[in-house]
Amino acid sequence: FNDIRDYITYVKAAVQPKLTSPAKEHIITLYKQLRLLETSSSSTGRISSSSTPITVRQLESLIRLSEAIAKLYCQEDIEVKHVQEAYRLLS
């Protein structure tokens, strides 16, 4: 238990991951796809598969969760794989 606490304390203080360019592009692509799916389903009169509309808040959540995943692995860069995992968790 102490090891986990020490690890979390270290990560909070020492690791501040930054988005890489490919990760930024991937986030933008995912967000555009989600918005497009929401727009197309609402314009056809079908009920959207998600219960809430896609907003900037979800975009911010995707970024924060990607950052948390990178921190989990003590990585200084947020990579595409972190964004993909964050998207999977949010889906």
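Residues numbered from 1 in each chain as written. Predicted model: local features only at pLDDT ≥ 70, side-chain atom pairs only at ≥ 80, totals over all residues. Heavy atoms only, no water.

Next up on the list: the packing of helix H3 (residues 56-72) against helix H4 (residues 80-90). Following both chains from N to C, one finds H3 and H4 inclined at 125°, their axes separated by 8 Å at the closest point. When the interaxial angle is binned, H3 and H4 end up oblique. Read as a crossing pair, H3 and H4 show a hand that is right-handed. Touching Gln58, Ser61, Leu62, Leu65, Ser66, Ile69 and Ala70 of H3 are His82, Val83, Glu85, Ala86, Tyr87, Leu89 and Leu90, all from H4. Here the residues of the contact of H3 with H4 are counted per class, giving nine nonpolar, four polar and one charged. (Axes fitted to C-alpha atoms, helices over the stretch in contact; angles between N-to-C directions. Helix = DSSP H or I, 4+ residues; strand = E, 2+ residues; numbered from the N terminus. Parallel < 35°, antiparallel > 145°, perpendicular 65-115°, else oblique. Left-handed = near helix turned anticlockwise from the far one by under 90°. Contact = heavy atoms within 4.5 Å. Nonpolar A, V, L, I, M, F, W, Y, C, P; charged D, E, K, R; others polar.)

Our focus in this paragraph is the confidence of the model for the protein chain. Predicted coordinates in areas of low pLDDT are best not read in detail. On average, residues of the protein chain score 86 in pLDDT, and 86% of them are at 70 or above. Summarising per-element confidence for the protein chain, the mean pLDDT is lowest in helix H2 (residues 21-43) (85) and highest in strand S2 (residues 77-78) (98). (pLDDT = per-residue confidence, 0-100.)

Now for H4. Within H4, the full set of buried residues consists of His82, Val83 and Ala86. Buried residues in H4, looked at end-on, bunch into an arc of 100°, giving them a common side. (Buried < 20%, exposed > 50% of the residue type's maximum accessible area, 1.4 Å probe, protein only. Arc of directions from axis to C-beta.)

Ala23, Ile27, Leu30, Leu62, Ile69, Ala70, Ile78, Val83 and Ala86 form the largest nonpolar core, which has nine residues in total. Looking at this core, the elements with two or more residues in it are H2, H3 and H4. With residues up to four places along the chain from it excluded, the contact list for Ile78 reads Pro17, Lys18, Leu19, Thr20, Ala23, Ser66, Glu67, Ala70 and Val83. (Core = buried A, V, L, I, M, F, W, Y, C linked by side-chain atoms within 4.5 Å.)

Let's shift gears to H3. The end-to-end C-alpha distance of H3, which contains 17 residues, comes to 24 Å, matching closely the 24 Å that a straight helix rising 1.5 Å per residue would cover. What H3 keeps buried is the set Leu62, Ser66, Ile69, Ala70 and Lys71. Just past H3, the residue Cys74 takes up positive phi, approximately 55°. (Expected span 1.5 Å × (residues − 1).)

As a further point, take the pattern of salt bridges. According to the stated counting rule, one finds two salt bridges in the structure shown. Linking Glu79 and Lys81 is a salt bridge whose minimum nitrogen-to-oxygen distance equals 3.7 Å. Given the relative accessible area of 31%, Glu79 is considered partly exposed. Its salt-bridge partner being Arg88, residue Glu85 comes within 2.7 Å of it at the nearest N-O pair. Of this pair, Glu85 and Arg88 both sit in helix H4, three residues apart, which is roughly one turn of that helix. (Salt bridge = Lys/Arg side-chain N within 4 Å of Asp/Glu carboxyl O.)

With that settled, consider the environment of Lys81. Residue placement: Lys81 occurs in helix H4. For Lys81, a relative accessible area of 47% gives the class partly exposed.

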